[in-house]
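Single-letter residue listing:
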Amino acid sequence: MLKQRVLIVLWTTGRCNLACKYCYAGSTHIKEDMDFETAAQTLDLFSDCVMKVQFAGGEPLLNYKLVCQIVDYVQTKGYDVSFQMQTNGTCITPEIAAGLKKMKIALGVSLDGPPDVNEFSRGKTREVIAGIQCLADEGIKINLNSVVTSHNVSQLPKLVNFAFYLGNVAGIGLDLLRETGRARDHADTIKKATPEQLRTALTGMAEASRELYELTDKKIVIREIQEAKQRLATATCSKNYCYASCGQSYVVLPNGDVYPCGSLIEHPDYYMGNVSSQSLKSIAIGKSEPAYCQTCTYHAVCPGGCPSRLIINASEPDSFSLDCVLKKTAFEIARGIL
């Protein structure tokens, strides 16, 4: 019998050393660190599952000690776990880079563009680059994650070139702006990209990646385009957008409270319980499918938009879905139409 696969996101801390202008967690008052007991209780609840454990927050490396304890605990218990981490990169020292390599933690680093662009939205770019270089010195490949806003969208093709310069970047993924947290507080300067801006940016990223590959034989993968290629090449593929869309995601806050997605921690309707209770609700984040999806060329292979973002960006009408623009553009690039 196959084991159930689950995603467990451990907020090792609610603290962060940055104040990103769009941070969806920025409006919460969760500043404490997760303790080892809470983390262990969580892992024990899913001991019979195949677990993908992601360290998040806040900035997860501000509680690096707990990360080490969790990896050691999993090895001691013999649980079936793979690890990944989303970090802002500023805390990575040579010692931490060596530790992350030893623990075999897959890494995503947040970077919104070339240095001047990233400095505007996130800050401490010099420290981020230094952290990435520490990882490079250990031979660790990373992926970059960029939040797409009106401020950085036109510079995303340049990010491909900058990623090549960094040397250890395998790919870049895009995360469309979520209108919650600090994004609401900076609505005058941080806005959503327009559909045309997004199409132009993704097309430019694809072209930059192609040119670099032709010149150097080194590929910077654009996550959305790569996924589109894989879906087009598969006879049948899942229509689930993510673990949260099929009820297999558990985001655990430092106090043990659980939600299906970190973007929904302000929404009581999505509260799943606390790990101390030893019993959690399973919540699948459903979404309504716009009528225009039914006639789309890619309907059979497209998972649709992020269900959490569609809940948060409730003011976005169906005809202005940036998720749709992103997916459709990626499919057209994958087919060679663009």
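This text goes with the structure placed above it.
Definitions and cut-offs
- Residues numbered from 1 in each chain as written.
- Predicted model: local features only at pLDDT ≥ 70, side-chain atom pairs only at ≥ 80, totals over all residues.
- Heavy atoms only, no water.
- Helix = DSSP H or I, 4+ residues; strand = E, 2+ residues; numbered from the N terminus.
- Rg over C-alpha atoms; globule rule 2.2 N^0.38 Å.
- Buried < 20%, exposed > 50% of the residue type's maximum accessible area, 1.4 Å probe, protein only.
- Areas by Shrake-Rupley, 256 points an atom, 1.4 Å probe, with all protein chains shown as cover.
- Lys, Arg positive; Asp, Glu negative; His and termini not counted.
- Charge placed at Lys NZ, Arg CZ, Asp CG, Glu CD.
- Pairing = 2+ DSSP bridges.
- Contact = heavy atoms within 4.5 Å.
- Axes fitted to C-alpha atoms, helices over the stretch in contact; angles between N-to-C directions.
- Core = buried A, V, L, I, M, F, W, Y, C linked by side-chain atoms within 4.5 Å.

Novice: Pulling in residues and values, what's your account of the overall build of the protein chain?
Specialist: Tallying secondary structure elements over the protein chain gives 11 helices and 10 strands in all. In terms of overall dimensions, the protein chain is globule-like: its C-alpha atoms have a radius of gyration of 20 Å, near the 20 Å expected for 338 residues. Counting across all 338 residues of the protein chain, residues that qualify as buried make up 53%. A total of about 15,400 Å² of accessible surface is found on the protein chain, and carbon and sulfur atoms cover 51% of it. Averaging the locations of the 35 positively and 35 negatively charged side chains of the protein chain gives two centres separated by 3 Å.

Novice: Give a detailed account of the sheet that holds strand β8 (residues 249-252), specifying residues and quantitative values.
Specialist: With mixed pairing, the 10 strands of this open sheet are ordered in space as β7-β6-β5-β4-β3-β2-β1-β8-β9-β10. With one partner strand each, in any of the chains shown, β7 (221-222) and β10 (273-274) form the two edges of the open sheet. With seven bridges connecting them, strand β5 (residues 142-148) and strand β6 (residues 169-176) associate as parallel partners. Counted as the bridge partner of V147 is D175 from β6. Sitting on the sheet, helix α5 (residues 125-137) touches β4 (105-110) and β5, and the angle it makes with β4 is about 155°. In this fold helix α6 (residues 156-166) packs onto β5, β6 and β7, with an angle of close to 150° to the strand it touches most, β6.

Novice: Any details on the environment of T149? Residues and values, ideally.
Specialist: Of note, T149 is situated in the loop between β5 and α6. Of the residues examined, T149 reaches a relative accessible area of 3% and is grouped as buried. When sequence neighbours within four positions are dropped, the list of residues in contact with T149 reads Y22, L177, I190, K191 and A193.

Novice: So what's going on with the nonpolar core? Residues and values would help.
Specialist: Counting 95 residues, the largest nonpolar core has F55, L100, I105 and L144 as the members making the most contacts within it. Ignoring anything within four residues of it in the chain, the contact list for L144 reads V109, L111, I132, L159, A163, V169, G171, I172 and G173. Grouped together as the second largest cluster of nonpolar side chains are seven residues, C20, V147, L177 and I190 included.

Novice: Please provide a residue-by-residue account of the environment of C68, values included.
Specialist: With respect to the secondary-structure elements, C68 resides in helix α2 (residues 64-77). In this structure C68 comes out as partly exposed when scored by relative accessible area, which is 28%. Residues C68 and I225 lie 157 residues apart in sequence; the distance between their C-alpha atoms is 34 Å.

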